[in-house]
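Remarks on the overall topology
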Amino acid sequence: MGKFKKLETPLKGVYILEPAVFQDHRGFFMESYNKKDFEEVGIDINFLQDNHSLSVQPGVLRGIHFQLNPKSQTKLVRCLKGAVYDVIVDLRKGSPTYLKWISVILTEHNKRQVIVPKGFGHAILTLVPNTEVFYKVDEYYSPQHDRSIRWNDPDLAIEWPLKDPVLSDKDSNAPFLKDIEDEINFVYEEDI
């Protein structure tokens, strides 16, 4: 019980996790996190905080968010209800994939999860109404280290499935990468 499949992505350190799901006429059971199973596949993270968001309407975009060092966060993200277009951007200077991004569809049905390591920006776009996203982080929220990049930054050229998302004031007014690039203090390390 609790085993999962760990899938590599083009961004080193970003993994898609597919948990074992046991279904019958009553519903399903799965372990979404098991420290021992994670460690067996090389994911040794000490999670400290759980976060849960509800987006009532489709098209809600949250991100691109991250926290600067020394308060950067690794995230384990999953969709409990609904569906999201999850985007991860490499912000590690010196990385061979610096400023490259990937997207993953996370839904209540596919039960996939994604590991977003320190040094990456993260965003979710809801695809259906009443979408709930749950994620674990390995560092507490720190308002002084909290940063974001504009969702439609031309230097990132993210291909969003919709052109007019619902945004918070924070995300509407997020700076462009070129305006904060010097402040971003992530450096690529080979051993991720």
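Our subject is the structure listed above.
What you see as residue numbers is a count from 1 along each chain, following the sequence as written. With pLDDT at 70 or above as the cut-off, local features in this predicted model cover only qualifying residues; side-chain atom pairs require 80 or more to be listed or tallied, and sums for whole chains, interfaces and linings still use all residues. In computing side-chain properties, one takes all heavy atoms of the structure into account and sets aside hydrogens as well as water.

Among buried residues, the Ala, Val, Leu, Ile, Met, Phe, Trp, Tyr and Cys ones that are joined through side-chain atoms within 4.5 Å form a nonpolar core. Each residue gets one of three labels from its accessible area relative to the maximum for its type: buried under 20%, exposed over 50%, partly exposed in between, using a 1.4 Å probe on protein chains only. Core analysis: the biggest nonpolar cluster contains 20 residues, and F66, L91, I149, L156, W160 and I184 have the highest contact counts within it. If you list the elements that add at least two residues to this core, you get β6 (61-67), β8 (83-90), β11 (120-126) and α3 (177-180). Residue contacts follow a heavy-atom distance rule, with two residues in contact if any of their heavy atoms lie within 4.5 Å. Setting aside residues no more than four positions away along its own chain, W160 makes contact with L61, Y85, V87, A123, L125 and W151. Core analysis: the second largest hydrophobic core is formed by 15 residues, C79, V84, I88 and V114 among them. Secondary structure follows DSSP: runs of H or I at least 4 residues long count as helices, runs of E at least 2 residues long count as strands, and numbering of each begins at the N terminus.

A separate point is the packing of aromatic side chains. Aromatic rings from Phe, Tyr and Trp, taking only the six-membered ring of Trp, are treated as a pair when their centres fall within 6.5 Å; an angle between ring planes under 30 degrees marks them as stacked, one over 60 as edge-to-face, and anything in between as tilted. Summed over the entire model, instances satisfying the criterion amount to 6 aromatic pairs. Between F66 and F186, the aromatic rings sit 5.8 Å apart at their centres with planes inclined by 70°, giving edge-to-face as the arrangement. Within this pair, whereas F66 is found in strand β6, its partner F186 is found in the segment after α3, the two being separated by 120 residues in sequence. One aromatic cluster in this structure is built from F4, Y33, F38 and F47. Against the face of Y15 rests K6, its NZ or CZ located 4.2 Å from the ring centre. Over the aromatic face of F176 sits the side chain of R150, whose NZ or CZ is 4.3 Å from the ring centroid. Two thresholds decide whether a charge sits over a ring: the Lys NZ or Arg CZ must be within 6 Å of the ring centre and within 35 degrees of the ring normal.

Turning our eyes to something else, we now look at the environment of L80. Take L80: it is sitting in strand β7 (residues 75-81). On the basis of relative accessible area, L80 is assigned to the partly exposed category, the value being 32%. In this structure, the C-alpha to C-alpha distance between L80 and H109, residues 29 residues apart in sequence, is 8.8 Å. Each residue touching L80, except ones within four places of it in the same chain, is listed here: H52, E108, E132 and F134.

Spatial strand order, β9-β8-β11-β6-β13: 5 strands in an open sheet with antiparallel pairing. Each end of this open sheet is capped by a strand with a single partner; those strands are β9 (101-107) and β13 (146-148). The mean angle between the axes of side-by-side strands here comes to 25°, regardless of whether they run parallel or antiparallel. The rule for pairing is simple: two strands pair if DSSP sees at least two bridges between them. Note that β8 and β9 share 7 bridges and pair antiparallel. Angles shown run from 0 to 180 degrees and are taken between the N-to-C directions of axes, each axis being a line fitted to C-alpha atoms and, for helices, limited to the stretch in contact.

Attention now goes to the sheet that holds strand β5 (residues 49-55). Reading across the sheet, the 6 strands line up as β1-β2-β10-β7-β12-β5 and stay open at both edges, with antiparallel pairing between neighbours. Strands with a single pairing partner mark the edges of an open sheet, and in this sheet they are β1 (4-8) and β5. Adjacent strand axes in the sheet meet at a mean angle of 25° when their direction is disregarded. Here β1 runs beside strand β2 (residues 15-19); their pairing, made up of 5 bridges, is antiparallel.

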